[in-house]
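Structural characterization, general
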Amino acid sequence: MNNSVPITMKDIAQALGVSVATVSRALKDSPRISAERREAIKAYAREHNFIPNMIAESLRNTRVKPLHIIGVIIPQFTHFYFSSILSGIEQEASTHGYRLMVAQSNEQYQREVAICQSFYENKVCGIIVSQAKDTNQYDHFQTLIDNGVPLVFYDRICTGVDVSRVVVDDYQGAYNAVKHLIDTGCKRIAFYGASMKLEISKNRYNGYRDALLKSGLKPDDRYVRYCDNRADAEIITPELLRMEDRPDAFFAVNDDTAIGIMYTAKRMGLHVPDDVSVCGFTNGQRAVACDPMLTTVEQRGHVVGEEAANILIGKVEGTIPLEKVEKRVVRTRLIIRGSTR
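Summarised in this report is the structure supplied together with it. Being a predicted model, the structure only gives us computed values, none of them experimental.

Analysis parameters
Residues numbered from 1 in each chain as written. Predicted model: local features only at pLDDT ≥ 70, side-chain atom pairs only at ≥ 80, totals over all residues. Heavy atoms only, no water. Helix = DSSP H or I, 4+ residues; strand = E, 2+ residues; numbered from the N terminus. Contact = heavy atoms within 4.5 Å. Areas by Shrake-Rupley, 256 points an atom, 1.4 Å probe, with all protein chains shown as cover. Lys, Arg positive; Asp, Glu negative; His and termini not counted. Charge placed at Lys NZ, Arg CZ, Asp CG, Glu CD. Phe/Tyr/Trp six-rings, centres within 6.5 Å; stacked < 30°, edge-to-face > 60°. Buried < 20%, exposed > 50% of the residue type's maximum accessible area, 1.4 Å probe, protein only. Lys NZ or Arg CZ within 6 Å of the ring centre and 35° of its normal. Expected span 1.5 Å × (residues − 1). Salt bridge = Lys/Arg side-chain N within 4 Å of Asp/Glu carboxyl O.

Helices and strands together make up the secondary structure of the protein, namely twelve helices and twelve strands. Expressed as lengths along the three principal axes of its C-alpha atoms, the size of the protein is roughly 75 × 35 × 30 Å. A separation of at least 24 residues holds for 71% of the contacts in the protein among residues at least 6 apart in sequence. Carbon and sulfur atoms provide 47% of the accessible area of the protein, an area that totals close to 15500 Å². Positive and negative side-chain charges of the protein, numbering 43 and 41 respectively, have mean locations separated by a distance of 2 Å.

Okay, here's the thing in structure tokens:
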């Protein structure tokens with residue numbers, strides 16, 4: 001991760017003309033690699049001060065089962081969806097005898113880089129991560145991969161590196177939600193989404209747009225806003241609701257944003273859903289704590305966490321090849337409540 005790590009598994013592989021997986025197996029004394037090649041790889045690693053993963057070292061030097069620790073990076077603990085994913089990761093990890101080391105990036109790139117550095121130095125056996133909103137450089141992830149650290153992304157995947165990931169069907173979830181709004185008579189549907197740098201935002205916007213087009217409605221950019229939290233929703237929404245041809249429905253990227261829209265509409269004297277329908281995306285606890293209760297897309301975060309942990313543990317234990325890229329999609333479902341007609 002820095003100058004104190006002079007060489008990576010990728011460097012060894014390139015120097016000796018073998019794959020990173022072969023280097024990893026050789027350093028773990030795998031019988032799948034010939035004794036001659038194992039010794040050549042280990043000798044090169046020693047000469048160049050390569051520091052192998054703690055688990056591999058433990059397996060070579062002791063019969064005691066090593067302590068398995070998985071690093072988990074959460075963008076924000078306060079989001080119900082991320083906390084439910086963490087719960088799923090913890091449950092699956094605990095079942096297989098693993099523990100978690102958890103850190104919050106707080107949506108900051110530099111903090112995310114520092115966490116990756118810390119996890120590497122603490123020799124976690126692998127990392128499960130959802131990237132920060134402002135991350136647009138991926139060297140810190142690539143360095144982990146080059147050093148043989150298994151990496152699994154969830155929710156916000158990193159397009160800059162080709163590694164395993166678990167996502168929900170964002171496109172279909174958004175499509176189904178907007179189609180429901182259209183089927184209940186809405187024609188001017190606003191979209192509140194996060195940065196289009198994020199794949200989930202692109203997928204949800206595309207689902208929104210396609211639902212309009214396939215229903216014969218023309219998308220209108222005046223109804224599209226960058227907004228992914230309640231505070232901003234309460235600032236932005238009055239402008240749209242004062243339009244002469246104001247939206248008769250809103251589809252929001254998450255429940256908090258949707259609740260901010262609903263609160264603002266009611267404060268302005270409009271009735272939900274008679275005057276304006278509102279749909280969110282998460283199905284957290286707040287969705288049933290508001291009045292009316294919120295129609296929303298259920299993301300099933302617990303299942304996302306279980307799947308992510310399952311992939312990582314498979315890579316650590318060798319049941320899933322280290323170089324294999326697993327791509328799993330968790331299906332969403334639309335939960336219809338009182339905020340839509």
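Enumeration according to the criterion identifies ten aromatic pairs in this entry. Centroid distance Tyr81 to Phe82: 5.9 Å. Interplanar angle 40°. Geometry classified as tilted. As far as burial versus exposure is concerned, Tyr81 and Phe82 are alike and both buried. Measuring from centroid to centroid gives 6.1 Å for Phe191 and Phe251, while their planes differ by 40°, and the two rings are tilted. Here Phe251 lies in strand 8 (residues 249–252) and Phe191 lies in strand 6 (residues 189–193), a separation of 60 residues in the sequence. Phe251 matches Phe191 in its accessibility class, with the two residues each being buried. Among the aromatic residues, those joined into a ring-pair cluster are Phe191, Tyr205, Tyr208, Phe251 and Phe281. Taking NZ or CZ as reference, Lys123 lies 4.8 Å from the ring centre of Tyr120, over its face. The side chain of Arg230 reaches across the aromatic face of Tyr263, ending 5.1 Å from its centre.

Our next topic: helix 11 (residues 255–267). Spanning 13 residues, helix 11 covers 18 Å between terminal C-alpha atoms, matching the ideal 18 Å at 1.5 Å per step. For helix 11, the full list of buried residues reads Asp255, Thr257, Ala258, Ile259, Gly260, Ile261, Met262, Thr264 and Ala265. For helix 11, the secondary structure elements touched by its buried residues are strand 6, helix 10 (230–241), strand 8, strand 9 (277–282) and strand 10 (295–298).

As a further point, take the pattern of salt bridges. A complete count under the given rule lists 18 salt bridges for this structure. The salt bridge involving Lys42 is made with Glu39; its shortest N-O contact spans 3.5 Å. One end of the pair is Lys42 and the other is Glu39, both in helix 3 (residues 35–47) and three residues apart, which spans about a single turn. When the shortest N-O distance is used, the salt bridge between Lys179 and Asp183 registers 3.0 Å. In this pair, Lys179 and Asp183 are both assigned in helix 8 (residues 170–183), four residues apart and thus about one turn of the helix distant.

Read these as layout, nothing more, since geometry by itself doesn't imply function.
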